[in-house]
Amino acid sequence: MRSKQLSALPGFGLTLGYTLFYLGVIVLLPLAALVAQAAGLGLGGIWAVATEERVLAALRTSFGLAFAAALVDSLFGLVIAWVLTRYQFPGRRLLDAAVDLPFALPTAVAGISLATLYAPTGWIGGILAEFGIQVAFTPAGIFVALVFVALPFTVRTVQPLIAEIDRGVEEVSATLGANRWQTIRRVLIPMLTPALLTGFALAFARSVSEYGSVIFIAGNLPYVSEIAPVLIVIKLEEFNYPGATAIAVIMLAIAFVVLFTINVIQAWSRRRLGHA
Amino acid sequence: MPEHIRPGGQARTPVTTETAAVRTGLIALALVFLALFLVLPVIVVFVEALGKGVSFYLATFTDPDARAAIRLTLIVAAIAVPLNMIFGIAASWAIAKFEFQGKSLLITLIDLPFSISPVVSGLIYVLLFGAQGYFGPWLKGHGIEVIFALPGIVLATIFVTFPFVARELIPLMQEQGNTDEEAALTLGAGGLRTFLTVTLPNIRWGLLYGVLLCNARAMGEFGAVSVVSGHIRGLTNTMPLHVEILYNEYNFAAAFAMASLLTLLAVITLVAKTLLEMHYGEALARAPRV
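Residues numbered from 1 in each chain as written. Chains lettered and ligands numbered in written order. Predicted model: local features only at pLDDT ≥ 70, side-chain atom pairs only at ≥ 80, totals over all residues.

The subject of this paragraph is the overall build of chain A. Helix and strand content of chain A: twelve helices and zero strands. When the helices and strands of chain A are listed from N to C terminus, the series reads α-α-α-α-α-α-α-α-α-α-α-α. Each principal axis of the C-alpha atoms in chain A carries an extent, and together these give about 70 × 65 × 35 Å. The buried share among the 276 residues of chain A stands at 44%. Considering only intrachain contacts with a sequence separation of at least 6, the fraction spanning at least 24 residues in chain A is 77%. (Helix = DSSP H or I, 4+ residues; strand = E, 2+ residues; numbered from the N terminus. Buried ≥ 20, exposed ≤ 12 C-beta atoms within 10 Å, placed from the backbone. Contact = placed C-beta atoms within 7 Å.)

Written as structure tokens, this is what we have:
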């Protein structure tokens, strides 16, 4: 790689060289080990692991609950981003800062805290228990943890777009006879759709890969509340490297397909609605 | 926003916002959701940590294993954060100040660790350096321990925090352009002096911002470190791993005491981040950060 546009600044070779070296050692070499291990297994070997009953159940749990959590976060993320951007109320700045909490709070802390909160003896779990609902140590607990960790992705993706909306567009819509609900549905939501999809994709990707916050609240019952990353850890503890690799590769492949699909929908909605 | 007041004194809702009832409802919905999902978990940490009294709380930190965990977390962050900081500065200099082929591919590769599951981030190092990994037998023959030891924990931590500084600095330095540095060079400054006296002051708040987030994640990482650490008490347990061990032993008050330190770190990080955005927003990258 050579600097095409001649820059007067020094240090290109040194900084790019170091960047490539560090990237290679820390990121590319270990990922190459994953690829090599997967290649050694072959498609047949990966398929054999993928179709194990317990693996199938874990993949269903992981992807199904990640999808549900990303959906709920998209909805509430839109409401929260809207409220934070458009409305003035006391404590708004504080709330805005609090949205990033799941980014900053270590996942293990979130995990034990949510497990305590939603356990049948906990503050929220106790109330739910009176209605016969159990959250902790069931798939519902996994869902709660995923909603927690993925929330900032949806809020922070939609928020800047809401701030950029030209109020004039809404005024035009109103002068053309649309009531507020029609303006929201026909004008605002289509403008925000690409960002909503991006937020959903990011939240989904984060939820699928989440481990720390889930394991404490999930109960980790095989076939019931066991997520795919837990199975990777179990296989590793048995020194079953091929099994762990196979699950990792399957997760990466499914996540890639989902994200690719969302990208296609996003491109389509941009073209169709004509928004950048 | 101010509402238009009719002569009669009755408030009329402007066309570009919702009715007062809808607004109140949405604000209430957002508040309840954030309270239930974000604020309560933080309160629970401190209530549980202090549940057995302040003296018990403080006593948990005199436990040798707890101290070893705190020390290990500090050591790991002290190695991982500066290394990623140096990398972030080097990468952003090369990417922001020069044009070359394959630049967008390079940026994608730098962001890659963010899209990989923490557990897989640990797994890839086990595949390389584990007992049955590619370099495992060689390392064993030379008496070098990587997995279930400090080097593995540091490597996994570097991996998961890899992009933080770079992805804050790259857009920032791209926005700032090359003119300041070119002026310094014209005036006779050398490359290093130009960087230290011109570039570094320009990027200092962005750099601090990236380092803060990098450090928070480095000290709090659980999944990746959990896979490579081996959970040896007093030796390879970081603070988050020690939280897990205490919790699984039903020693809840001690687990939450250790968790309260990590929660404090998270809250301090958020406050510092918010202050930086409020006071030095101009000196941070405008690109959205997720």
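Attention shifts here to the overall build of chain B. Check the secondary structure of chain B and you find 13 helices and two strands. Since a compact globule built from 290 residues should have a radius of gyration of about 19 Å, the 24 Å found for chain B marks it as more spread out than a globular shape. By principal-axis analysis of the C-alpha atoms, chain B measures approximately 90 × 65 × 35 Å. In chain B, buried positions account for 44% of the 290 residues. Sequence-distant contacts, at least 24 apart, represent 71% of the contacts inside chain B between residues at least 6 apart. (Rg over C-alpha atoms; globule rule 2.2 N^0.38 Å.)

Looking now at the interface of chain B and chain A. Each partner contributes to the interface: chain B provides 76 residues, whereas chain A provides 79 residues. The biggest single contributor to the side of chain B that touches chain A is helix H1 (residues 20-49) of chain B, with 15 residues. Here the side of chain B that touches chain A is built from residues that sort into 54 nonpolar, 14 polar and eight charged. (Nonpolar A, V, L, I, M, F, W, Y, C, P; charged D, E, K, R; others polar.)

With that settled, consider helix H7 (residues 139-164) of chain A. Residues and elements named next belong to chain A. Helix length check: H7, at 26 residues, gives a terminal C-alpha distance of 38 Å against a target of 38 Å (1.5 Å per residue), a fit within 8%. Most pronounced at alanine 150, the bend in H7 amounts to some 45 degrees, and the proline proline 152 follows within four residues. Of all 26 residues making up H7, 19 are buried, and the element is well covered by its neighbours. (Expected span 1.5 Å × (residues − 1). Bend = angle between axes of the 7 residues up to and from the residue.)

Excluding glycine, a negative phi dihedral is what most residues carry, and trans is how most peptide bonds are arranged. Residue and element names in this part refer to chain A. The backbone of asparagine 220 sits at a positive phi, close to 50 degrees, despite the residue not being glycine. Tracing the sequence through the fold places asparagine 220 in the loop between helix H10 (212-218) and helix H11 (228-237). Judged by the 19 C-beta atoms lying within 10 Å of it, asparagine 220 falls in the partly exposed class. For tyrosine 223, which is not a glycine, the phi torsion comes out positive at approximately 75 degrees. Structurally, tyrosine 223 can be placed in the loop between H10 and H11.

Moving on to the nonpolar core. The biggest cluster of nonpolar side chains holds 166 residues, and the ones touching the most others in it are Ile217(A) and Leu123(B). Of the residues forming this core, the biggest block, 15 residues, is contributed by helix H3 (residues 64-97) of chain B. Apart from residues no more than four positions distant in its own chain, Ile217(A) is found in contact with Gly111(A), Leu114(A), Ala115(A), Tyr118(A), Ala136(A), Gly141(A), Ile142(A), Val144(A) and Ala145(A). (Core = buried A, V, L, I, M, F, W, Y, C linked by C-beta atoms within 7 Å.)

This paragraph deals with the confidence of the model for chain A. Residues of chain A with pLDDT of at least 70 account for 96%, and the chain-wide mean is 90. The least confident element of chain A, judged by mean pLDDT, is helix H12 (residues 241-273) of chain A at 84; the most confident is helix H5 (residues 107-118) of chain A at 96. (pLDDT = per-residue confidence, 0-100.)

It is worth spelling out the confidence of the model for chain B at this point. All names here are of chain B. With 94% of its residues at a pLDDT of at least 70, chain B reaches an overall mean of 90. Looking across chain B, the model is least confident in strand E1 (residues 4-5), with a mean pLDDT of 47, and most confident in helix H7 (residues 150-161), with 97. Between residues 1-10, whose pLDDT stays under 50, and residues either more than four places distant or in other chains, the model counts ten contacts. Across the assembled chains, the prediction reports ipTM 0.89 with pTM 0.90.

As a further point, take the environment of Arg204(B). All names here are of chain B. Tracing the sequence through the fold places arginine 204 in helix H10 (residues 191-220). Note on arginine 204: 12 C-beta atoms within 10 Å, which makes it exposed. Each C-alpha atom, one on arginine 204 and one on alanine 283, is 8.2 Å from the other, the two residues being 79 residues apart in sequence.

Residues and elements named next belong to chain A. Of note, isoleucine 189 is situated in helix H9 (residues 180-209). A residue is classified by how many C-beta atoms lie within 10 Å of it, and isoleucine 189, with 12 of them, is exposed. Spatially, the C-alpha atom of isoleucine 189 lies 9.8 Å from that of leucine 78, the residues being 111 residues apart in sequence.

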